[in-house]
Amino acid sequence: MSIQGVFNTQVTKTSSIWVANVFVQLTALLVCLGAWFISDRSSFGALFKVQPKYMLLGGAIGAFITYTVIKGMELLGPAKAVMLIVISQLIVAYLIELFGLFGVEKQPLEMRKIVGMGIAILGIVIFKWT
């Protein structure tokens, strides 16, 4: 993610954030189609069976993730941006588990995980002011 974010941010310097994002998503599509052609070849028709239908929004969400990574790298630099992204992802993932969202099995609240996230956030604070 760090390398991709730096590459994408550099591309925006000669294009724009949305042009870079389109290129990223397009090249990802081409790589995925190539991998599918070589290794999988399962039917795309199976996508119509996915329930609930909002689960098909992963690609659209990915476009906005790419946008926020590029902006974060541009505004904060790679190290700070990646730290914030990773901690944010960890917190959101834990909330998904805690509340059993999106079909994920609900998990109990564990203080050690809260403490771990607190330490990670403290690490960001220390890193930012050093």
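**Considerations on the overall build of the protein chain**
Here is step 1: The helix and strand inventory of the protein chain stands at five helices and zero strands.
Here is step 2: Sequence-ordered secondary structure for the protein chain, helices as α and strands as β, is α-α-α-α-α.
Here is step 3: Relative to its length of 130 residues, the protein chain is extended, with a C-alpha radius of gyration of 18 Å against a globular reference of 14 Å.
Here is step 4: By its C-alpha atoms, the protein chain is 45 × 45 × 25 Å across when sized along the principal axes.

**Comments concerning the pattern of salt bridges**
Where charged atoms from two side chains of opposite charge come close, those side chains can pair.
Here is step 1: Within the structure shown, the criterion is met by three salt bridges.
Here is step 2: Linking R112 and E110 is a salt bridge whose minimum nitrogen-to-oxygen distance equals 2.9 Å.
Here is step 3: Among the residues examined, R112 registers a relative accessible area of 62% and is labelled exposed.
Here is step 4: The class for E110 is partly exposed, based on a relative accessible area of 21%.
Here is step 5: Where salt bridges share partners, they join E110, R112 and K113 into one cluster.

**A closer look at the side chain of T9**
Here is step 1: Within the secondary structure, T9 sits in helix α1 (residues 2-12).
Here is step 2: Since its relative accessible area comes to 8%, T9 is described here as buried.
Here is step 3: In this structure the side chain of T9 is engaged in a polar contact, spanning 2.7 Å, whose partner is the backbone oxygen of G5.
Here is step 4: With residues up to four places along the chain from it excluded, the contact list for T9 reads I70, M73 and E74.

**Some thoughts on the packing of aromatic side chains**
Here is step 1: On inspection of all chains with the given rule, the structure shows four aromatic pairs.
Here is step 2: Judged by centre distance (5.1 Å) and plane angle (55 degrees), the ring pair of W36 and F44 falls under tilted.
Here is step 3: Relative accessible area serves as the criterion here: at 26%, W36 is assigned to the partly exposed category.
Here is step 4: The rings of W18, F64 and Y67 are connected pair by pair, giving a single aromatic cluster.
Here is step 5: Across from the ring centre of F37, 3.9 Å away, lies the NZ or CZ of R41, which sits over that ring.

**Examining the environment of C32**
Here is step 1: With respect to the secondary-structure elements, C32 resides in helix α2 (residues 17-39).
Here is step 2: Judged by relative accessible area, which is 51%, C32 ranks as exposed.
Here is step 3: With 79 residues separating them along the chain, C32 and M111 place their C-alpha atoms 40 Å apart.

**Some words on the nonpolar core**
Here is step 1: Grouped together as the largest cluster of nonpolar side chains are five residues: V69, M73, A81, V82 and I85.
Here is step 2: Counting only elements with at least two residues in this core, the list comes to α3 (58-76) and α4 (78-99).
Here is step 3: Looking at this core, the element that brings in the most residues is α4, giving three residues.
Here is step 4: Discounting residues that sit within four places of it in the chain, M73 has contacts with M1, S2, G5, V6, T9, P78, A81 and V82.

Cut-off values and rules
- Residues numbered from 1 in each chain as written.
- Predicted model: local features only at pLDDT ≥ 70, side-chain atom pairs only at ≥ 80, totals over all residues.
- Heavy atoms only, no water.
- Helix = DSSP H or I, 4+ residues; strand = E, 2+ residues; numbered from the N terminus.
- Rg over C-alpha atoms; globule rule 2.2 N^0.38 Å.
- Salt bridge = Lys/Arg side-chain N within 4 Å of Asp/Glu carboxyl O.
- Buried < 20%, exposed > 50% of the residue type's maximum accessible area, 1.4 Å probe, protein only.
- Polar contact = N/O pair within 3.5 Å; in protein donor to acceptor, adjacent residues only side chain to side chain.
- Contact = heavy atoms within 4.5 Å.
- Phe/Tyr/Trp six-rings, centres within 6.5 Å; stacked < 30°, edge-to-face > 60°.
- Lys NZ or Arg CZ within 6 Å of the ring centre and 35° of its normal.
- Core = buried A, V, L, I, M, F, W, Y, C linked by side-chain atoms within 4.5 Å.

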